[in-house]
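What follows is the residue order along each chain.
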Amino acid sequence: MSVLMQEMSERALRLGVPFSVQLDLTYRCNEQCVHCYLDHDDHGEMTTAEIKHLLKEMAEAGVFILTLSGGEIFMRKDFFEILEYARALTFCIKLKTNAVLIREAQAARLRDLGVESIQISIYSHRPEVHDAITKVPGSLRRSINAIRFLRAQGLKVVVGNVLMTQNMQDYHGVRALAEEIDARYTLDPTITPKMDGDRSILDLNAGESDLRRLFRDEAFVGNADEFCAPPPAPDENSMASLPCSAGHTACYVSPYGEFYPCVQFPLSCGNVRQQPFIDIWRNSEQLKEVRAIRLRDLSSCSQCAHGSTCTRCPGLAFMEGNMRGPSTADCEKSFARTGIPSANLLAKKEKASPPRLVQIQIVPAITGIRLSGMGSSASAVGA
Amino acid sequence: MTKKLYVARSPRIAARMLGEEMLVMSGQGSTLFTLNPTATILWQAADGATPLDEIVERRICSEFEVKPEDAIRDAEALAEDLAKHGILLISEEPIARPDAPVQESR
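Residues numbered from 1 in each chain as written. Chains lettered and ligands numbered in written order. Predicted model: local features only at pLDDT ≥ 70, side-chain atom pairs only at ≥ 80, totals over all residues.

1. Quick look at the overall build of chain B
Turning to step 1, where the next piece is worked out: Check the secondary structure of chain B and you find three helices and six strands.
Turning to step 2, where the next piece is worked out: Along chain B, helices (α) and strands (β) appear in the sequence β-β-β-β-α-β-α-α-β when read from the amino end.
Turning to step 3, where the next piece is worked out: Here chain B holds 106 residues, and the buried ones make up 33% of them.
Turning to step 4, where the next piece is worked out: Of all intrachain contacts in chain B linking residues separated by at least 6 positions in sequence, the fraction that spans at least 24 positions is 54%. (Helix = DSSP H or I, 4+ residues; strand = E, 2+ residues; numbered from the N terminus. Buried ≥ 20, exposed ≤ 12 C-beta atoms within 10 Å, placed from the backbone. Contact = placed C-beta atoms within 7 Å.)

2. Focus: the overall build of chain A
Turning to step 1, where the next piece is worked out: When helices and strands are tallied, chain A shows 16 helices and eleven strands.
Turning to step 2, where the next piece is worked out: Each of the three principal axes of chain A carries a C-alpha extent, and together these read 95 × 50 × 40 Å.
Turning to step 3, where the next piece is worked out: Within the span of chain A, comprising 383 residues, buried residues form 38% of the whole.
Turning to step 4, where the next piece is worked out: Considering only residue pairs separated by 6 or more positions, chain A has 66% of its internal contacts joining residues 24 or more positions apart.

3. Quick look at the sheet that holds strand β5 (residues 157-162) of chain A
All names here are of chain A.
Turning to step 1, where the next piece is worked out: Strand order in the open sheet made by the nine strands is β6-β5-β4-β3-β2-β1-β7-β8-β9, with mixed pairing throughout. Taken across any chain shown, the strands that pair with only one partner, and hence form the sheet edges, are β6 (184-188) and β9 (270-271).
Turning to step 2, where the next piece is worked out: Sheet analysis places strand β2 (residues 65-69) next to strand β3 (residues 92-97), joined by four bridges and oriented parallel. Counted as the bridge partner of Leu-68 is Leu-95 from β3.
Turning to step 3, where the next piece is worked out: Helix α6 (residues 139-152) rests against β4 (117-121) and β5 of the sheet, and its axis sits at about 165 degrees to β4. (Pairing = 2+ DSSP bridges. Axes fitted to C-alpha atoms, helices over the stretch in contact; angles between N-to-C directions.)

4. A word on the interface of chain A and chain B
Turning to step 1, where the next piece is worked out: With 16 residues of chain A at the interface, the matching set in chain B holds twelve residues.
Turning to step 2, where the next piece is worked out: Per-element accounting of the side of chain A that touches chain B gives the leading share, six residues, to helix α1 (residues 3-15) of chain A.
Turning to step 3, where the next piece is worked out: Looking at the side of chain A that touches chain B residue by residue, the classes come out as nine nonpolar, four polar and three charged. (Nonpolar A, V, L, I, M, F, W, Y, C, P; charged D, E, K, R; others polar.)

5. Comments concerning the packing of helix α8 (residues 208-215) of chain A against helix α15 (residues 328-338) of chain A
To characterise two packed helices, one gives the angle between the axes of the helices and the distance between these axes.
All names here are of chain A.
Turning to step 1, where the next piece is worked out: Contact geometry of α8 with α15 gives a least axis separation of 8 Å together with a crossing angle of 60 degrees. One way to sum up the angle between α8 and α15 is to call them oblique. Between α8 and α15 lies a crossing whose hand is right-handed. Taken together, the residues of α15 that come into contact with α8 (itself represented by Glu-208, Leu-211, Arg-212 and Phe-215) are Glu-332, Lys-333, Ala-336 and Arg-337. (Parallel < 35°, antiparallel > 145°, perpendicular 65-115°, else oblique. Left-handed = near helix turned anticlockwise from the far one by under 90°.)

Dropping the structure here:
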């Protein structure tokens, strides 16, 4: 983030402005990725008119950065109508797509409409790996072709490389591919639970040894010793810091109008079909609760050595059952990075360790009685 | 100034008022700018149909204590600068359709 953008975000925070919003236009998708957290059925998406009304409300509320995502945004037949309307309202538009439906004509139209950037998911440089994750044969080839069309129009393209067990060995290849096709590259080693709470896909998360190798890879992290250094002890400033921008300057709206602090934070704050966007932003009790939380209020994290440097996601913590609790996925990353277990991991280890066996010596006076058992006291035995 | 100048907001920018300032992102390289109140007035009034000198007379001279000739000179310089960054379009003819091909900087 540029210095000026950081300054504007801070000003938005002071003014209480929703500076950045992600709007998912649909959960329908033409890929069936193994790690996807969404239900792809259409349960009643907002209509074109509803979305236009929402966009107008968002512009009036001061939203500047609008990320249009899904599902697959090009599954909506009215996608360009929505985009054109949004650009007329002078949003800074970022798109997230798998791009398999983008050809030369679509790329040219995106250029004409002044889209700021397009993030495209690429899982591997090897078709057999990428296509196995998307479950669509030929999807890698089509996504790469789309990137070339977009770059030919001068558009900014970001290759988004989500890492999981299936493609953990391929991130060097994906970055090289991004360089070859003149796209930027970003990497995310986090698989999140499904929005309905199903946690089964978390098994796809990279293991500790893979994360450790990634975090020591100087081609990605720079100086590995600095990146993996033990964290400084949290000070007063970090104790008073905000967990992240969710609910403070950013929020998320689903295709059904549900308003959440973030796409990864499924705490319903209202529905834009029933209430004006700005009313939810200003008055939602749930958002007020999210905004009140500081590091010092977090049950485990406020006591943790990683408090000042952890990438704790409050949404993942919420999905674990407590928005003031730890996000174990981030604890695991902090541990893989530094080798220092978080307070949460230590507590889990303590809880999971087998109870201490009490070993009781046979006392001569009561020979013949053999005792073994669990508990902390056996002093009464044989008394 | 011998010829009228017309200015229009570029259709390729993103913009929003944030507090007292206009935040503008140019389509050229995603560069971010903030416009001060005077530049914001000029940018907001840049409809492609109203000549720059009229914008200055109606919107700037009426609000700020400034000589019209100084204001027009400053406004031209500002318009040139905004045009160089792709924020504003400048033409010697009215700009009926902001997306029509026009001179982006002189």
